[in-house]
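An overview of the molecular structure
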Amino acid sequence: MAQHHINAEDAILLEKWRTGDDAAIERLVAKYQGRIYNVILKICANPDDAAELTQDTFVKIIEHIDTFESRSRFYTWAFRIAVNLTLNYCKRKATVGFSSMDAAADDQGTQTMAALLTDEKSPDPAQVAQNRELCSLIQLAVSRLDEDYRTVIVLRDIEGMDYAQIADVIGVELGTVKSRLSRARAALRQILEAL
Amino acid sequence: MSFELKPEIEELLNGYIDGELAAEEQNKVRRLIEADESIARRLAELDRCRLLVSSLPPAQPPAEVISGIKQVIKSRSAHVAGQARQQGARHLFARHAIAAAVMIGLLGLFAAVVYKIAGPQKEAPQMFAAQPVPEPKTQPQPPLMAQPVGDVTPDVADVGFYSLRLATGDFVGVDAFINKMLDESPWLEYDAAKDRPGQSVYRIICTRAGLDELVNDLAGVWSKFDSATLVVHGDDVGDYVAVVAVRPEQITDIANEQTHNDRVRLAKDFAVLNDAEQLMPAKKILAYLETDYTELINIPRPALTSAEQRVPPLDSSDKICVDLTIEVKGHK
């Protein structure tokens, strides 16, 4: 129900913008800029590049808004642009390492991560968010995933998309999303155990 | 500690923690968890892993990103507005052009209406003017060159051109009769051509009343004619109606029709009737004649198909002239 409401609101804002209401597109940008930037950052793992890619994403959205078909969802359409731009960027910068993030993986972080994975209690998200070192380790582990795995992990666990939306954004079948996400989590768990 | 499960079970466990399984699949996972402790442990690890990733604090985009996006929106809006203004200017120009064309058309229509009402009238309206249609003036050239002269030539308004071709076994007697008849008829002008032996051609110009007298005289010797054919010439050369086996009264009836078209139409009617009469068995005709049932075989006079009344033969003041050529041929 909430998703339908979001889609309906997006459609109204788009229609207003097409009729010349600039405030409508500003509302759309304000609504999605943080989420798009966050997804891009988690995939590319570079704040400066994420900022540039976020701006490029919205430029592309604005330039191609006339080609957007209303029967699709603006939400998944916008994230498809963002993910494609980011993955293309990552392929161009394939040689770029994650030394800055690797430096954050100290012994204390490793011990914490191992404890978290073996602890029978579920981790408290608030505590994890406040632990900067732990966050850096998790981000490091995510960044070490293959791009395809990293993308589905980010779209599912960070952006909170369901499988169908992920399939729509990355352009694969639903079964592919299931299998890819399963392998991505297995790989992430191995990376986390290794840290 | 890491251990491997079947990929199908791994997908089921991931779908379970993501809430993507149907009720039946969820029950299946629950049964697997209850039956296998390792699967339950793996499910817990996967859920912890998911929670760790989802616990990452959201990053906020730098302020320059937002300002940059707003700048893009403004520049795009200015571009779109410029395009809209250009389109609006073109649209406005088109509307002005259409309006001007409509105004010009309306002015032209208004001027035409004013001219129709107040302008000079060239001629009276022809709607109710029932003008008589003039008779065709073109007539075929007469077969002979005799020209009507003297007092007998009326003030001609119309000329009926006829040729009467007569064949007889008594050429000498018939020709002498015609010569004498013509000589004793001061109301007509005639010319005679006797270039060929056994053949005479008379060109006669007279009125219709004179023609009646002439035909009445000829009727006295009509029985001597083996064949009699009247040719009524039409307006154009080669346009004629031949009435074979013509009788004297038919000739006068045709000539006394008021208009050229009527004469031609009546000649056609007589031609049809005479043809039909010719086709009747001769014995039947004779039988009727001998038994005094002549009325039964008399072909009734053709009735005019038009509403016009028959006009009686005109006198010498008749404006219709008759140009009759009589050809008499004798059998060898």
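Just so it is clear, the model here is predicted, and its values are computed rather than measured. (Residues numbered from 1 in each chain as written. Chains lettered and ligands numbered in written order. Predicted model: local features only at pLDDT ≥ 70, side-chain atom pairs only at ≥ 80, totals over all residues. Heavy atoms only, no water.)

Let us look at the overall build of chain A. Looking only at helices and strands, one finds 11 helices and 0 strands in chain A. Each helix (α) and strand (β) of chain A, taken in turn from the N terminus, gives the series α-α-α-α-α-α-α-α-α-α-α. Residues counted as buried form 49% of the 195 residues belonging to chain A. Approximately 9,400 Å² of chain A is accessible, and the part contributed by carbon and sulfur atoms is 48%. (Helix = DSSP H or I, 4+ residues; strand = E, 2+ residues; numbered from the N terminus. Buried < 20%, exposed > 50% of the residue type's maximum accessible area, 1.4 Å probe, protein only. Areas by Shrake-Rupley, 256 points an atom, 1.4 Å probe, with all protein chains shown as cover.)

Now for the pairing of strand 2 (residues 189-193) of chain B. Sheet faces and side chains relate simply in a regular strand, where the side chains alternate between the two faces. All names here are of chain B. As paired strands, strand 2 and strand 3 (residues 199-207) are joined by 5 bridges and run antiparallel to one another. Bridging from a neighbouring strand, Glu189 pairs with Ile205 of strand 3. Between strand 2 and strand 3, which pair antiparallel and follow one another directly, the connecting turn spans 5 residues, one of which, Gly198, has a positive phi of 75°. (Pairing = 2+ DSSP bridges.)

Every contact between the two is made by 39 residues of chain B and, on the other side, 51 residues of chain A. Taken over both partners, the interface formed by chain B and chain A buries close to 3,800 Å², and the fraction arising from carbon and sulfur atoms is 64%. A salt bridge links Asp18(B) to Arg156(A), with the shortest nitrogen-to-oxygen separation between them at 3.1 Å. Here chain B and chain A share 8 residue pairs in polar contact (both at pLDDT 80 or more) between them. (Contact = heavy atoms within 4.5 Å. Buried area = accessible area lost by both parts, 1.4 Å probe. Salt bridge = Lys/Arg side-chain N within 4 Å of Asp/Glu carboxyl O. Polar contact = N/O pair within 3.5 Å; in protein donor to acceptor, adjacent residues only side chain to side chain.)

For the rest of this paragraph, the subject is the pattern of salt bridges. Residues and elements named next belong to chain B. With the rule as written, the count across this model stands at 16 salt bridges over all chains. When the shortest N-O distance is used, the salt bridge between Asp262 and Arg265 registers 2.6 Å. Of this pair, Asp262 and Arg265 both sit in helix 8 (residues 260-279), 3 residues apart, which is roughly one turn of the helix. Since its relative accessible area comes to 7%, Asp262 is described here as buried.

The subject of this paragraph is the state of the cysteines. In this structure the tally under the stated criterion is 0 disulfides over all chains. Not engaged in a disulfide, the cysteine Cys90(A) finds its nearest cysteine sulfur in Cys44(A); these two sulfurs lie 6.0 Å apart. (Disulfide = S-S within 2.5 Å.)

Glancing now at the side chain of Asn14(B). Relative to the helices and strands, Asn14(B) resides in helix 1 (residues 7-18). Note on Asn14(B): relative accessible area 0%, which makes it buried. If sequence neighbours within four positions are ignored, Asn14(B) has contacts with Tyr163(A), Leu181(A), Ser182(A), Arg185(A) and Leu46(B).

What follows covers the packing of helix 11 (residues 174-194) of chain A against helix 1 of chain B. In a packed pair of helices, the relevant descriptors are the angle between the two axes and the axis-to-axis distance. Taken N-terminus to C-terminus, the directions of helix 11 of chain A and helix 1 of chain B make an angle of 90°; their axes are 9 Å apart at the nearest point. As the angle between them shows, helix 11 of chain A and helix 1 of chain B are arranged roughly perpendicular. Contacts between helix 11 of chain A and helix 1 of chain B involve Lys178(A), Ser179(A), Leu181(A), Ser182(A) and Arg185(A) on the former and, on the latter, Pro7(B), Glu10(B), Glu11(B), Asn14(B), Ile17(B) and Asp18(B). Classifying every residue of the contact of helix 11 of chain A with helix 1 of chain B by side-chain character gives 3 nonpolar, 3 polar and 5 charged. (Axes fitted to C-alpha atoms, helices over the stretch in contact; angles between N-to-C directions. Parallel < 35°, antiparallel > 145°, perpendicular 65-115°, else oblique. Nonpolar A, V, L, I, M, F, W, Y, C, P; charged D, E, K, R; others polar.)

So, about the nonpolar core. One finds Tyr32(A), Ile36(A), Phe74(A), Phe79(A), Ile138(A), Leu188(A) and Leu192(A) to be the most contacted residues of the largest nonpolar core, which totals 73 residues. When neighbours within four sequence positions are excluded, Phe74(A) is seen to be in contact with Asp10(A), Leu14(A), Leu28(A), Tyr32(A), Ile61(A), Ile65(A) and Phe68(A). (Core = buried A, V, L, I, M, F, W, Y, C linked by side-chain atoms within 4.5 Å.)

Attention now moves to helix 3 (residues 47-63) of chain A. Residue pairs three or four apart in sequence face the same way in an α-helix, which turns once every 3.6 residues. All names here are of chain A. When the terminal C-alpha atoms of helix 3 are compared, their 24 Å separation across 17 residues agrees well with the 24 Å that a helix rising 1.5 Å per residue should span. Within the sequence span of helix 3, burial applies to Asp49, Ala50, Ala51, Leu53, Thr54, Thr57, Phe58, Ile61 and Ile62. Where helix 3 begins, one side-chain oxygen reaches toward the backbone nitrogen of Asp48, 3.0 Å away; that side chain belongs to Asn46. (Expected span 1.5 Å × (residues − 1).)

A word on the packing of aromatic side chains. Applying the stated rule across the entire model yields 7 aromatic pairs over all chains. Note on Tyr32(A) and Tyr75(A): the rings are 5.9 Å apart at their centroids and 40° apart in plane angle, and the pair reads as tilted. Pair noted here: Tyr32(A) is in helix 2 (residues 22-44) and Tyr75(A) is in helix 4 (residues 74-92), with a separation of 43 residues, a long-range link. Centre to centre, the rings of Trp222(B) and Phe225(B) are 5.3 Å apart; their planes meet at 80°, and the pair counts as edge-to-face. Of the two residues, Trp222(B) and Phe225(B), both sit in the buried class. (Phe/Tyr/Trp six-rings, centres within 6.5 Å; stacked < 30°, edge-to-face > 60°.)

One non-glycine residue, Ala45(A), lies in positive phi territory at about 65°. Located in the positive-phi region is Ala245(B), a residue other than glycine, with phi close to 55°. Within the fold, Ala245(B) resides in the loop between strand 5 (240-244) and helix 7 (248-255). Residue Ala245(B) is classed as partly exposed on the basis of its relative accessible area, which comes to 28%.

It is worth spelling out the side chain of Asp18(B) at this point. With respect to the helices and strands, the residue Asp18(B) is situated in helix 1. Each residue touching Asp18(B), except ones within four places of it in the same chain, is listed here: Arg156(A), Asp157(A), Tyr163(A), Leu181(A), Arg185(A) and Arg50(B).

All names here are of chain B. Given a rise of 1.5 Å per residue, 13 residues ought to cover 18 Å, and the 18 Å separating the end C-alpha atoms of helix 5 (residues 171-183) matches this to within 8%. When we look at burial in helix 5, the residues that qualify are Phe171, Val174, Asp175, Ile178, Asn179, Met181 and Leu182. Viewed along the axis of helix 5, the buried residues span an arc of 165°, placing them on a single side of the element. Residues of helix 5 that are exposed and point more than 90 degrees away from the buried face comprise Val172, Lys180 and Asp183. (Arc of directions from axis to C-beta.)

All names here are of chain B. In the predicted model, chain B carries a mean pLDDT of 75, and 69% of its residues have values of at least 70. Here helix 10 (residues 294-297) stands out as the least confident element of chain B, with mean pLDDT 47; helix 2 (residues 23-35) is the most confident, with 93. Per-residue pLDDT stays below 50 along residues 293-304; that stretch engages in 19 contacts with residues further than four places along the chain or on separate chains. Of the regions scoring below 50 in pLDDT, residues 308-314 engages in 12 contacts with residues more than four places distant in sequence or in other chains. Of the two predicted TM-score estimates for the complex, the pTM is 0.50 and the ipTM is 0.83. (pLDDT = per-residue confidence, 0-100.)

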